[in-house]
Amino acid sequence: MGRRLLVIGGDAAGMSAASQALRRATYPLDTVVVERGHWTSYSACGIPYWIAGDVERADNLVARTAKEHRARGIDVRLGVTATEIDLDRQRVQVLRGSAPEWLDFDDLVIGTGARPIRPDLPGVDADGVLGVQNLDEGQRVLDVLCGAREVQRAVVVGAGYIGVEMAEALCARGLDVTVVQRGPEPMTSLDSRMGAHIRAALNRLGAQVVCGAEATGFDSGADGWVTGVVAGGATYPADLVVLGIGVAPAAEIATRAGLPTGASGGIRTDDRMAVAEGVWAGGDCVEVWHRVSRQHRHLPLGTHANKQGRVIGINVTGGDTTGWARFPGAVGTAITRVGDLEVARTGLTRGQAAAAGFQTVSETVETTTIAGYMPGSEPMHVLLVAECGTGRLLGAEIVGGRGAAKRIDVCAMALWQQMTVAELAMTDLAYAPPFSSVWDPVQVAAWKVAGSV
């Protein structure tokens, strides 16, 4: 007897779930995906590099098109918005144009992703105030940059990952770029000492960075187009504004259906990615179990979404030979680049650790990416946070030149295994002068923290 799997959302989590389920099903599985946009299986993380011109076309960011998914047996329907979930009757109302219809399901996967935070401020709805969460929004930015309107000045509001990456992209386009940020330094997910290096990197790109300036409104001209951003009591002229304040879970449809959500507004699942009987969720619309803080948090990353989709696809079809597939949580590892500066972090900052109830010690070391006597050696800063008494590693931050940031993976694995900083310092890491000093910078920092716990 056949079953229907209905998926809301055609990006990482949704398409991974659909593909995995269809591949594993031993019975007829009618697999339907509704996606409100015009793309499937794309890399949202690549949008700033597309806008910068490093990536030639949007197609290059698409891992698998709707046509390719359809050829594999998935009924992908683009331009279709899910508006209501009826759990009692196991159906979802969808809207294509102005014509609503109901789609039945046996299993439902919610993969609605995240939406850019759009602050409720005067003038925020002016033309030219844009977000960049998906390819359609990225295309709108490019349409402005390549359109008939003269665009010389851009203001990026917020200096998180998207904010700093978009600032770099707009500098690459030759614009006069200003970044306004309410925090003391860019990227408040890092210690402010690390953020200062990011501000310097943005300055080297030609961007003006204004910290301690929270946006309070947007000015526009008679034609409704944005002309400036009001922040910190000053007005910064703009022909284009990009919102880089962050994202929130796009979980409204789940909330209206009475499904459980957490403090962030993200859908709350168990480790099987199940929300309720026959209902699953994954990707940027869900909360994730943080293995260090032991709390649920919103951690919107494509790495998690793909893994969660795989878990859902296995479980929708009854699990595997070992039982239910499970998503084990995350430690919050992230990486980016700002001009010539690599940036990475994992685990908890000092503030996050304190909020989670830890007493901490932290140390920062300045060293070099490779042996200091080798040509091409560049500065590198490592900050580690550990628990007082136990010495357990709680978090790590790295900024530096080429080759610095991927060292965060060593710290992420140490967090995953609940290692102490003393144990991290004695791990067997590769050494040769073109790659590292004899004591890797992570180990140098670990020894320094170990001496303080």
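Here's what I pulled together on the structure shown here. (Residues numbered from 1 in each chain as written. Predicted model: local features only at pLDDT ≥ 70, side-chain atom pairs only at ≥ 80, totals over all residues. Heavy atoms only, no water.)

### Section: the pattern of salt bridges
No. 1: Enumeration according to the criterion identifies 20 salt bridges in this entry.
No. 2: Residues Asp125 and Arg118 are paired through a salt bridge, measuring 4.0 Å at the closest nitrogen-oxygen approach.
No. 3: Given a relative accessible area of 38%, Arg118 falls into the partly exposed group.
No. 4: With a shortest N-O distance of 3.4 Å, Arg153 and Asp239 are connected by a salt bridge. (Salt bridge = Lys/Arg side-chain N within 4 Å of Asp/Glu carboxyl O. Buried < 20%, exposed > 50% of the residue type's maximum accessible area, 1.4 Å probe, protein only.)

### Structural notes on the sheet that holds strand β6 (residues 99-104)
No. 1: The strand order β4-β5-β6 describes an open sheet built from 3 strands, whose pairing is antiparallel. In this open sheet, the two strands that pair with only one neighbour each are β4 (81-86) and β6. Adjacent strand axes in the sheet meet at a mean angle of 25°, parallel and antiparallel pairs treated alike.
No. 2: In terms of strand pairing, β4 meets strand β5 (residues 91-96) through 5 bridges, oriented antiparallel. Bridge assignment links Asp86 to a residue of β5, and that residue is Arg91. (Pairing = 2+ DSSP bridges. Helix = DSSP H or I, 4+ residues; strand = E, 2+ residues; numbered from the N terminus. Axes fitted to C-alpha atoms, helices over the stretch in contact; angles between N-to-C directions.)

### Here's the deal with unusual backbone geometry
No. 1: We note that Gln90 has phi near 50°; this positive angle belongs to a residue other than glycine.
No. 2: Here Gln90 is to be found in the loop between β4 and β5.
No. 3: Given a relative accessible area of 34%, Gln90 falls into the partly exposed group.

### What to know about the environment of Trp50
No. 1: Topologically, Trp50 is positioned in helix α2 (residues 47-52).
No. 2: Not counting the four nearest positions on each side in its chain, Trp50 is found in contact with Val55, Glu56, Arg57, Ala58, Leu61, Leu135, Gly138, Gln139, Leu142 and Arg173. (Contact = heavy atoms within 4.5 Å.)

### Section: the packing of aromatic side chains
Centre-to-centre distance and the angle between the planes together describe a pair of aromatic rings.
No. 1: Tallying each qualifying case throughout the model produces 1 aromatic pair.
No. 2: For the ring pair Trp439 and Trp447, a centre distance of 6.2 Å and an interplane angle of 75° mean the geometry is edge-to-face.
No. 3: For Trp439, a relative accessible area of 41% translates into the label partly exposed.
No. 4: The residue whose ring lies beneath Arg291 is Trp416, and the NZ or CZ to ring-centre distance is 3.7 Å. (Phe/Tyr/Trp six-rings, centres within 6.5 Å; stacked < 30°, edge-to-face > 60°. Lys NZ or Arg CZ within 6 Å of the ring centre and 35° of its normal.)

### Description of helix α10 (residues 408-416)
No. 1: Residues of α10 that are buried: Ile408, Cys411, Ala412, Ala414 and Leu415. Projected down its long axis, α10 carries its buried residues within an arc of 160°, all on one side.
No. 2: Buried-residue contacts for α10 involve β23 (341-347), β25 (379-387), β26 (393-400), α11 (421-425) and α12 (441-450).
No. 3: Immediately downstream of α10, the backbone of Gln418 shows phi near 55°, a positive value. (Arc of directions from axis to C-beta.)

### Quick look at the packing of helix α5 (residues 161-172) against helix α6 (residues 192-205)
No. 1: Relative to each other, α5 and α6 sit at 15°, their axes nearing to 10 Å. Judged on the interaxial angle alone, α6 and α5 are roughly parallel. Seen along the crossing, α5 lies across α6 with a hand that is left-handed. Along the contact surface, α5 presents Val164, Ala167, Glu168 and Cys171, while α6 presents Ile198, Leu202 and Leu205.
No. 2: In terms of residue class, the contact of α5 with α6 is built from 6 nonpolar, no polar and 1 charged. (Parallel < 35°, antiparallel > 145°, perpendicular 65-115°, else oblique. Left-handed = near helix turned anticlockwise from the far one by under 90°. Nonpolar A, V, L, I, M, F, W, Y, C, P; charged D, E, K, R; others polar.)

### Comments concerning the sheet that holds β23
No. 1: Read across the sheet, 5 strands follow the order β22-β23-β26-β25-β24 without closing on themselves; strand pairing throughout is antiparallel. Edge positions in the sheet fall to β22 (334-338) and β24 (360-368), since each has one partner strand and no second. Sheet twist, expressed as the average angle between the axes of neighbouring strands with direction ignored, equals 10°.
No. 2: In terms of strand pairing, β22 meets β23 through 5 bridges, oriented antiparallel. Its bridge partner lying in β23, Val338 is registered against Leu341.

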